[in-house]
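Here's the letter readout for the chains.
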Amino acid sequence: MKAIDAKTRISLKNILYPTDFSPAAEAAIPYVTGLAKRYEAKIHALHVRGPAAGPIVGPEAMPQVLEITQHQAELEARELHDIFSGLPHEVFVSEGDVWTTINTIITQENIDLIVIGTRGRTGVKRALLGSVAEEIFRKAPCPVLTVGPHVLGDPERQLEMKEILFATDFSPESLAAVPYAVSLAQEHQAHLTLLHVIPKHEVGDLVHAEQHVDSIRRQLQKLVPPEAESWCEPKFVVAQGPAPDKILDTAVASGADLIVLGVRNVGDNIGATTHLFRPTAHRVVTHAGCPVLTVRG
């Protein structure tokens, strides 16, 4: 997915869909197929199995173990072929580290967009597309569309993307997502809401709080090219409070079909902060009622 400026139509030719065959992963399928049809893109479906966890067997039993493993891989591949039958697609079933495999395919297949489903946290555990989903959207060099556990709307309607919310703190990482928000708004002739969240204590410390808010609103206005205002009807919102809560509240209030966020490349340190601190992106992705598009700065 390439977005240069407001006049550039998004180019989406290769979509990667990682799955662990869980209900959470399956929830992303309508978004994969819908985007593939709209942009005439090829789907690359991937299932990565961890090393088989079973009893230790002697050399004489290894051929049987390998045969069973191969049969299982063939069944999984067949299921993915059936899911995307009728659409241009390719299937990969492999064993190993999930992110390493995904990263290889991103380069190998020129992936423009990754679409994943995540169930977020379940008790003290995260599933394959829980913690791994976070690793993907923080490390992937291409945008990642995450369908979280609270996305219960109609995928067909949400894929029309008539209401788009872009949240920023004006850091370089968050601003890297601006072209995608603007280009998608143009592509879908959508309403675009630009949001900046100020901590309450920060505003409370200011003598001229209203002027500060007006200044921020003007900064938001500068992010949208003048010609874009004729078709995306941008709204500029400055909210006060915890960033994740305000992003989620604004998404509900605006009826957002998509939230767009920029995230920092944290390398191997997933515990590092993002532009809105680590809990913000994770909380928004796992609690939003619509899909979230993250763009790594």
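Our structure's up above, just so we're on the same page.
Below you will find a few notes about this structure. (Residues numbered from 1 in each chain as written. Predicted model: local features only at pLDDT ≥ 70, side-chain atom pairs only at ≥ 80, totals over all residues. Heavy atoms only, no water.)

## Focus on the environment of Ala239
1) Next: Inspection of the secondary structure puts Ala239 in strand S10 (residues 235-240).
2) Next: Accessibility expressed as a relative area gives 13% for Ala239, which makes it buried.
3) Next: A sequence separation of 40 residues divides Ala239 from Pro199, and the C-alpha atoms of the two residues are 8.5 Å apart.
4) Next: Those residues in contact with Ala239 that sit more than four places away from it in its chain are Leu195, His196, Val197, Ile198 and Lys246. (Helix = DSSP H or I, 4+ residues; strand = E, 2+ residues; numbered from the N terminus. Buried < 20%, exposed > 50% of the residue type's maximum accessible area, 1.4 Å probe, protein only. Contact = heavy atoms within 4.5 Å.)

## Concerning the sheet that holds strand S12 (residues 292-296)
Whether parallel or antiparallel, the strands of a sheet pair through hydrogen bonds between backbone atoms.
1) Next: Taking strand neighbours across the sheet as the criterion, the ten strands line up as S3-S2-S1-S4-S7-S12-S11-S8-S9-S10 in an open arrangement whose pairing is mixed. The open sheet terminates on both sides in strands that have one partner only, identified here as strand S3 (89-95) and S10. This sheet shows a mean twist of 25° between the axes of neighbouring strands, independent of strand direction.
2) Next: The sheet contact formed by strand S8 (residues 163-167) and strand S9 (residues 191-198) spans five bridges and is parallel. (Pairing = 2+ DSSP bridges. Axes fitted to C-alpha atoms, helices over the stretch in contact; angles between N-to-C directions.)

## Section: the environment of Val178
1) Next: Within the element layout of this structure, Val178 appears in helix H8 (residues 178-187).
2) Next: Spatially, the C-alpha atom of Val178 lies 8.7 Å from that of Thr168, the residues being ten residues apart in sequence.

## With respect to the packing of aromatic side chains
1) Next: Evaluated as defined, the whole model comprises one aromatic pair.
2) Next: Between Tyr17 and Phe84 the ring centres are 5.7 Å apart and the planes differ by 80°, which places this aromatic pair in the edge-to-face class. Placement of the pair is Tyr17 in strand S1 (residues 14-18) and Phe84 in the loop between helix H3 (62-83) and S3, with a sequence separation of 67 residues.
3) Next: With a relative accessible area of 1%, Tyr17 lands in the buried category.
4) Next: On the basis of relative accessible area, Phe84 is assigned to the buried category, the value being 0%.
5) Next: Note that Arg38 overlies the ring of Tyr39, its terminal NZ or CZ placed 6.0 Å from the centroid. (Phe/Tyr/Trp six-rings, centres within 6.5 Å; stacked < 30°, edge-to-face > 60°. Lys NZ or Arg CZ within 6 Å of the ring centre and 35° of its normal.)

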